[in-house]
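One-letter residues, chain by chain:
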Amino acid sequence: MILQAILVGLVAGYGRIEQSWFGQQMIARPIWLCTLVGLLLGDLKQGVIIGGTLELIWAGVVQIGAAPTEVVSGSVLASALVITSGLTVEEGVALAIPVALLASVMNTFISSVNSAVLSSLTNKAVENCDTKMIWWTGIGGGIIYFIVYFVVIALGFMAGSVAIQAVIDSIPGVVRYGLTNASKLLPAIGIGILLKFTFDWKYAGFFALGFLLPTYLGMGTMGVALTGLVCAYIYYQFKPRAEEDD
Amino acid sequence: MTNPVQLSKKELNKVFWRSYQALGCYTYDKQQGISYMRALLPALQKLYPDPEDLKEALIRHNVMFNTTCAFVPFCLGITCAMEEEYANAPEGTFDPQSISSVKIALMGPLAGIGDSFFWGTFRVIACGIGAPLAAAGNLLGVVLYLLLNLLPSTLTRVYGFKLGYQGGREFLAKIQADGTLEKVTEAAKILGLVVIGGLVPAIVAVPVSLELNMGGGSFILADVLNSIMPNLLPLILSVVVYHYIQKGVSVNKLLFLLLGLGILLTAVGFFPMG
């Protein structure tokens, strides 16, 4: 039990600092973290299933810039509880969502503290030409995140396998089903963030095209992405470079 | 300075590996800036043995920096090349200010391209292929997901760093001057928008279950909406959320609002119970 909690905490800590120390390669995601949890807790297959399921639900929740939405703690805790305490995958998913919300509040808090402390330490180090200190502050954010995630998720897991079932049962149906329904609305926020970075009325037609292909032709995500590549290619070939414009 | 100071493979490798910690210290004021400086340390220490020169270089790099992580090595490569040039230039012939201005000029366009490619395209394709397989219990889905993300990002890092160090500045100045960079950025935006448009029906759902019986005929809201246009509500919801994000409403606030909305609409019977 303690060992399991430590392993779950380690995966959560790793998941949070993947972006800090391992280059943010888009793999601190349910599909990979839940698989790790499954592997470490001895039920790889369940881990893979809940990972794929959560990945589909959270496909649009992305961490661009300082957006605080996060998928790590929900993924890790939910998959660990599904594997060890017999929750169904659906119950695990329903649990992951409030956990993720709480974690994003926690995240914002840690980031603020981090910002203040590490920035001033770095300024002092530059003043003293202290390269050792810069070595530490430059990765320091990751250390703090790792510790907080390790502790919080490990404790959550230990409390969870005994208590979380009771907590879930005690939630009134309206709230429980309401949260499940709301979880289907939430990916709209991911879409909104992505649009913020890319939307331009000049290119609105391409957004519409992407929307209409699955809506009326039933095209899958893969087909849409490839169509997007084709559009980008055509645009690139036919748009004259600025200097060729008259 | 009589002998030219050259960066060897050893320092360059160290800088490259430290690029992976570009978000190691994300602060609200400097974003990736502190970690960028940390990555440069091996090169700076080699180039400036005199503590006074080193301090000057550190002050130069203790500033805000932010771009897509996979493009950080490219920027680091260029900065290394420019610092090397500066360290060897005779007094007064090279303005160190240009090192900072190139950094700043790079980060915006690269972030625009990078977010479309890495968040908007490779990750989405990887998810589209990998997640359904994984959800069905197939480990291959996870493997494919990892490969489709790691391969493009690793290649971009390795070749980006090389290209940046060996004349990336000239290359970039050239494609910026002849308009290629702008075209690539716009093409990437178009790709991103098609993908995002396709994501709306794929991941957003508004689960209306309202049914009314009116004198024998039943009114099923979902069917009525479907006959106007399928996926109409997810589209409206996404556009409304985008509108509020654009207006500066915080993501956390929107999260709680949507959660409240979900519970409320379930309570009044608009959304299903069970």
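Cut-offs applied
- Residues numbered from 1 in each chain as written.
- Chains lettered and ligands numbered in written order.
- Predicted model: local features only at pLDDT ≥ 70, side-chain atom pairs only at ≥ 80, totals over all residues.
- Heavy atoms only, no water.
- Helix = DSSP H or I, 4+ residues; strand = E, 2+ residues; numbered from the N terminus.
- Rg over C-alpha atoms; globule rule 2.2 N^0.38 Å.
- Buried < 20%, exposed > 50% of the residue type's maximum accessible area, 1.4 Å probe, protein only.
- Contact = heavy atoms within 4.5 Å.
- Areas by Shrake-Rupley, 256 points an atom, 1.4 Å probe, with all protein chains shown as cover.
- Lys, Arg positive; Asp, Glu negative; His and termini not counted.
- Charge placed at Lys NZ, Arg CZ, Asp CG, Glu CD.
- Buried area = accessible area lost by both parts, 1.4 Å probe.
- Salt bridge = Lys/Arg side-chain N within 4 Å of Asp/Glu carboxyl O.
- pLDDT = per-residue confidence, 0-100.
- Axes fitted to C-alpha atoms, helices over the stretch in contact; angles between N-to-C directions.
- Parallel < 35°, antiparallel > 145°, perpendicular 65-115°, else oblique.
- Left-handed = near helix turned anticlockwise from the far one by under 90°.
- Nonpolar A, V, L, I, M, F, W, Y, C, P; charged D, E, K, R; others polar.
- Expected span 1.5 Å × (residues − 1).

(A) Quick peek at the overall build of chain B. Looking only at helices and strands, chain B has 11 helices and two strands in total. Ordering the α and β elements of chain B from the N terminus gives α-α-α-α-α-α-α-α-β-β-α-α-α. For 274 residues, the compact-globule estimate of 2.2 N^0.38 gives 19 Å, and chain B exceeds it by more than 25% at 25 Å. The dimensions of chain B, computed from C-alpha atoms along their principal axes, are 100 × 40 × 35 Å. Within chain B, the proportion of its 274 residues that are buried is 53%. Expressed as a percentage of contacts within chain B between residues at least 6 apart in sequence, the contacts between residues at least 24 apart total 71%. For chain B, the accessible area works out to roughly 11,900 Å², and carbon and sulfur atoms hold 65% of it. In chain B, which carries 19 positive and 18 negative side-chain charges, the distance between the mean positions of the two groups comes to 6 Å.

(B) Geometry of the interface of chain A and chain B. Across the contact, 102 residues belong to chain A and 105 residues belong to chain B. With both sides pooled, the region where chain A packs onto chain B buries about 9,600 Å², and carbon together with sulfur makes up 74% of that total. The largest contributions to the chain A side of the interface with chain B come from Met-26, Leu-185 and Phe-211 of chain A, which together make up 8% of the buried area. For the interface between chain A and chain B, the tally reads three salt bridges.

(C) Expanded view of the confidence of the model for chain A. Looking at chain A, pLDDT values average 83 and 87% of them are 70 or higher. Predicted confidence is poor over residues 64-68 of chain A, with pLDDT under 50, and the contacts of this stretch with residues over four places away or in other chains come to 14 contacts.

(D) The arrangement of the pattern of salt bridges in detail. Taken as a whole, this structure holds seven salt bridges over all chains when the rule is applied. A salt bridge links Lys-55 of chain B to Glu-127 of chain A, with the nearest nitrogen and oxygen atoms 3.5 Å apart. Here Lys-55 of chain B is found in helix α3 (residues 51-61), whereas its partner Glu-127 of chain A is found in helix α5 (residues 89-127) on a different chain. The shortest N-O distance in the salt bridge between Lys-239 of chain A and Glu-186 of chain B comes to 3.5 Å. In this pair, Lys-239 of chain A sits in the segment after α10 (221-238) while Glu-186 of chain B sits in helix α8 (residues 180-203), so the two residues belong to two different chains. Of the residues examined, Lys-239 of chain A reaches a relative accessible area of 24% and is grouped as partly exposed. By sharing partners, the salt bridges in this structure join Lys-202 and Lys-239 of chain A together with Glu-186 of chain B into a single network.

(E) Molecular detail of the packing of helix α2 (residues 30-41) of chain A against helix α3 (residues 44-57) of chain A. Residues and elements named next belong to chain A. Axis separation between α2 and α3 bottoms out at 7 Å; the angle between their running directions is 165°. When the axes of α2 and α3 are compared, the pair comes out roughly antiparallel. Where α2 crosses over α3, the handedness of that crossing is right-handed. Residues Pro-30, Ile-31, Cys-34, Thr-35, Gly-38 and Leu-39 of α2 pack against Leu-44, Gly-47, Val-48, Ile-50, Gly-51, Leu-54 and Glu-55 of α3. The class makeup of the residues in the contact of α2 with α3 is eight nonpolar, four polar and one charged.

(F) Quick peek at α8 of chain B. Its 24 residues give α8 of chain B an end-to-end C-alpha distance of 34 Å, which sits within 8% of 34 Å, the value for a rise of 1.5 Å per residue. Counting buried positions along α8 of chain B yields 19 of 24 residues, so the element is predominantly enclosed.

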